[in-house]
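Structural overview for review
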Amino acid sequence: TAEWYRTETRGDYARLSEADIEHFKTILPENGLVTDVEDIEMFNTDWMRKFRGQTQLVLKPTSAEQVSKILSYCNDKKLAVVPQGGNTGLVGGSVPLYDEIILSLSNMNKVRSFDNVSGILVADAGVILEAADMYLAEQGFMFPLDLGAKGSCHIGGNVATNAGGLRLLRYGSLHGSVLGLEVVLANGKVVNMLSKLRKDNTGYDLKQLFIGSEGTLGVITAVSILCPQRPAAKNVAYLAVESYEKVQQAFIAAKKDLGEILSAFELMDGRSQGWVQQHCDLTRPVDTESPFFILIETAGSNKEHDDAKLEAFLEDVMEQEIVCDGVVASDETQFQNLWAWRERITEVIGKEGGVYKYDISIPLPQLYNIVDDLRAVFESKDMISKTDASKPVVDVIGYGHVGDGNLHLNIMTREYSERISQVLEPWIYEWVSKVHGSISAEHGLGLIKKHFIQYSKDEDNVYLMKQLKNAYDPNHILNPYKYI
Ligand code: FAD
Ligand code: 2HG
Ligand code: ZN
C-alpha cells in the first residue's frame, strides 16, 4: 500500500527512547511489552491491510492501574498513544499513523461479574465479543451486540466505536445498553463510571461521551452492560425480492406481522451474493437470480408462536408478490449457512484487489439509489467492468442493516488509485449530505473520514467536539491525526 493516507505531518510528539522502554518495564510484566519487529507487524497493520503504522512498541497492560501509569508517563513525556482492541476497525483508527505507541487491551480479558437476575455483565475491555457471548450463553443470556468480526473484536473496541451490528434493530444501540464504563483519562486518572444502574439521572451522563469516541478521549478499561435473555426460539428466512421498492414493503410487513420477535432485517444485493457464491463453498439458498435478497431473523421464547407468526408473514408477502422466492432454515446448520451469505460479504469482496468502503445512513426510501447512481458515474467514465482487467473498477455493491437505515456501499477495485478516489470523493459525501444522511453510520470516523465530518455535522457541533477533546486530552496524546 502506498502511503497516500499520511497527509498530515508528524505532530510535535516525543520520540520513543530506550529510557522510556526501561520505564515501561517497571510497570508491566515481562510479556507486557512487544518490541520485536516481526511480532509488532500485526499490531501496525489494520484488518483491511490498507493502513500501516510505524510503531516500535506495543504495551499490554493487565489492569486499569497499569494503564494509568502508562498514560500518566506518556502524557508527561508527550508520547502519543493509540488504544487498540481487536484491530478489526474499518476506518483506519486502530493503527498508528506514525510511531505512536500501541496500547493493546488484549491482556485485560476477564469477566468481573455477572448478575443473572438483572442480566448485568461487568467485564474488562479486552474480552473478545464472542467469548463474552459464550460466557453469557452458559447462563441463558446473550450479548446485545453481534457482528461478523465477533471472533476478534473486543467489547471495549465495540464500545469505543459504538458498533451497531446485525441486531441493533432489536436490541438497540450501545448508547442504551451500556450502563457504565471504567475509563483512564490521558493524564492517567482512572474514572469509575462503572454503574450497574438502569436509571441514574445524577448529573451529566459522562459515559456516553466515551461511547463512539474511538480512543480519542480516554482508554476504556471495563464495561458494564445490560444483557438480554437468550432467545429459546430462533428462525431465519432468506428471501429473493425483485426491487428495492419491494424490500421496503417487506420491511413494513415484517414489522406488522412479526412484531416483537423480529430480530434482524438485512439487505444483500444480488451482486454481493454473486461474490459470496464465487468465493465460498456454500450451497445457494435459492435458485432464483434476483437484484435483492433479504435476511430476516426472529428471536422469541416460544417456538410454536414464532413459527406461526413467520408462516403468516411469509404467506402475506408471497400472496402480495412482494417476495418471489425464499427459504427458511430448518436446523442450526442451515441457520448458520443462511447467515454466512450475509456475514461473509466483507471478507469476500476484498479478494479482487482494493475495496473502498462507505458506511452511510440514508433515509430508507433513498437508501439503495446511491449504489445505482455511483455505478452510472463509473459507467459514464467507462471505468467499470467485472471481466475487463483494463478497467480499474470491478464492481459496486450495496448491502447492510436496512432495518437501521444503514447501507454499506463498497467499491471493489483492481487496486487503490488516485483516479478512483477522485471520482468517489467528495461525490459520495455530497450525495449523502443532500439527503441529510450520515457519512459514518456505525464504523466511525477514524483516519478516513476525519476530513469529511462537515458533511454530517455543522461548525457548532465540530467546535463543541474540539472543546471536549481539549478538555479531556489537552496534549492530544490519544489517537492523534484521527476523528476530528
Ligand atoms: P479496534 O479496531 O482495535 O479499534 C477501533 C477504534 O476504537 C480505534 O480508534 C481504537 O483506538 C479504539 N479503541 C479500541 N479499544 C479501545 C479501548 N479499550 N478504549 C478506547 N479506545 C479503544 N462494525 C459495526 O459497527 N457493525 C458491524 O456489523 C461490523 N461488522 C464487521 C465485520 C467484519 C468482518 C469486520 C472486520 C469489521 C466489522 N465491523 C463492524 C467493524 C469493527 O469490527 C467494529 O468497529 C468493532 O467494534 C471494532 O472493535 P475492535 O476491538 O476490533 O477495535
Ligand atoms: C457489516 O455489516 C460490517 O458486515 C462491515 O459493518 C461492512 O464491509 C463493510 O462494508
Ligand atoms: Zn455493518
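Conventions we followed
Residues numbered from 1 in each chain as written. Chains lettered and ligands numbered in written order. Predicted model: local features only at pLDDT ≥ 70, side-chain atom pairs only at ≥ 80, totals over all residues. Helix = DSSP H or I, 4+ residues; strand = E, 2+ residues; numbered from the N terminus. Rg over C-alpha atoms; globule rule 2.2 N^0.38 Å. Contact = placed C-beta atoms within 7 Å. Buried ≥ 20, exposed ≤ 12 C-beta atoms within 10 Å, placed from the backbone. UniProt positions renumbered as here; feature names shortened; annotations may be inferred. Domains from an automatic or database assignment. Nonpolar A, V, L, I, M, F, W, Y, C, P; charged D, E, K, R; others polar. Axes fitted to C-alpha atoms, helices over the stretch in contact; angles between N-to-C directions. Parallel < 35°, antiparallel > 145°, perpendicular 65-115°, else oblique. Left-handed = near helix turned anticlockwise from the far one by under 90°. Near = placed C-beta within 6 Å. Pairing = 2+ DSSP bridges.

This paragraph deals with the overall build of the chain. Along the backbone of the chain there are 17 helices and 16 strands. At 23 Å, the chain has a C-alpha radius of gyration in line with the 23 Å of a compact globule built from 484 residues. On the principal axes, the C-alpha backbone points of the chain span a range of 70 × 60 × 45 Å. For the chain, the proportion of contacts with a sequence separation of at least 24, taken over those separated by at least 6, is 74%.

Quick look at the environment of T288 now. Inspection of the secondary structure puts T288 in the loop between α10 (270-279) and β12 (292-300). You can call T288 partly exposed: it has 15 C-beta atoms within 10 Å. As a C-alpha pair, T288 and A240 span 48 residues in sequence and 7.2 Å in three-dimensional space.

Turning next to the UniProt feature "domain: FAD-binding PCMH-type" (unreviewed entry) in the chain. UniProt's entry tags residues 51-230 with the feature "domain: FAD-binding PCMH-type" (unreviewed entry), counted in the numbering of this structure. Taken as a whole, residues 51-230 contains 24% helix and 23% strand, while its terminal C-alpha atoms sit 38 Å from one another.

One frequent convention defines the size of an interface as the accessible area lost when the parts assemble. The domain architecture assigned to the chain consists of domain 1 (18-107), domain 2 (111-226), domain 3 (233-345) and domain 4 (349-443). Each of domain 2 and domain 4 was reduced to a C-alpha centroid, and the two centroids are 31 Å apart. Facing the 5 residues of domain 2 at the interface are 7 residues of domain 4. Each residue belonging to the side of domain 2 that touches domain 4 can be placed in one class, and the counts come to 3 nonpolar, 2 polar and no charged.

Packing of helix α1 (residues 18-27) against helix α3 (residues 64-77) leaves a shortest axis separation of 10 Å and a crossing angle of 160°. Compared by their axis directions, α1 and α3 come out roughly antiparallel. For the element pair α1 and α3, the recorded crossing hand is right-handed. Residues D20, H23, F24 and I27 of α1 touch α3, and the partners they reach there are Q66, K69, I70, Y73 and K77. Here the residues of the contact of α1 with α3 sort into 4 nonpolar, 2 polar and 3 charged.

Bringing the site of ligand 2 into the picture now. As a matter of local geometry, ligand 2 sits amid G148, T346, K357, D359, G400, H408 and N410. Going through the elements one at a time, β14 (354-361) and β16 (406-413) are the ones with two or more residues in the shell around ligand 2.

What follows concerns the site of ligand 1. Around ligand 1 sit 37 residues in total, of which G85, G89, G93, G157 and G215 are the nearest. Within the residue set of the shell around ligand 1, elements represented by two or more residues are β3 (81-84), α5 (155-161) and β9 (218-226). In terms of residue count, α5 provides more of the shell around ligand 1 than any other element does, 5 residues in total. Among the residues making up the shell around ligand 1, the classes are represented as 14 nonpolar, 21 polar and 2 charged. Viewed by domain, the shell around ligand 1 spans two of them, domain 1 (18-107) and domain 2 (111-226), each represented by three or more residues.

Alignment of strand β5 (residues 111-115) against strand β6 (residues 120-124), held across 4 bridges, turns out to be antiparallel. Paired with D115 across the two strands is I120, which belongs to β6. Between the end of β5 and the start of β6, which pair antiparallel, lie 4 residues, with G119 showing a positive phi angle near 80°.

Right, let's get into unusual backbone geometry. Note the cis peptide between E425 and P426, where omega equals 10°. Note on placement: P426 falls in the loop between α15 (418-424) and α16 (427-434).

Now for the pairing of β6. With respect to burial, β6 is a largely interior element, 4 of its 5 residues being buried. Pairing of β6 with β9, which is carried by 5 bridges, proceeds in the antiparallel orientation. Along β9, the bridge assignment pairs V122 with S224.

This part takes up the sheet that holds strand β1 (residues 33-34). Pairing in this open sheet of 4 strands is mixed, and the strands run β1-β2-β4-β3 from one edge to the other. Each of the sheet's edge strands pairs with one partner strand only, and the pair in question is β1 and β3. In the sheet, β3 pairs with strand β4 (residues 101-104) via 4 bridges, with the strands oriented parallel. Counted as the bridge partner of P83 is L103 from β4.

Across the sheet, 5 strands lie side by side as β5-β6-β9-β7-β8; this open sheet has antiparallel pairing. Taken across any chain shown, the strands that pair with only one partner, and hence form the sheet edges, are β5 and β8 (190-193). For this sheet, the mean inter-axis angle between neighbouring strands, taken without regard to orientation, is 10°. Sheet topology note: the strand β7 (residues 178-185)/β8 ladder contains 4 bridges and is antiparallel. By the bridge assignment for β8, L181 is matched with M193. Packed on one face of the sheet, α3 meets β7, β8 and β9 and runs near 40° to β7.

Another point: the packing of helix α9 (residues 244-258) against helix α11 (residues 303-319). Running from N to C, α9 and α11 point in directions that differ by 145°, and their axes come no closer than 9 Å. Between α9 and α11 lies a crossing of right-handed hand. Along its contact with α9, which presents A250, A253, A254, D257 and L258, the element α11 presents K309, L310, A312, F313, D316 and V317. Each residue belonging to the contact of α9 with α11 can be placed in one class, and the counts come to 8 nonpolar, no polar and 3 charged.

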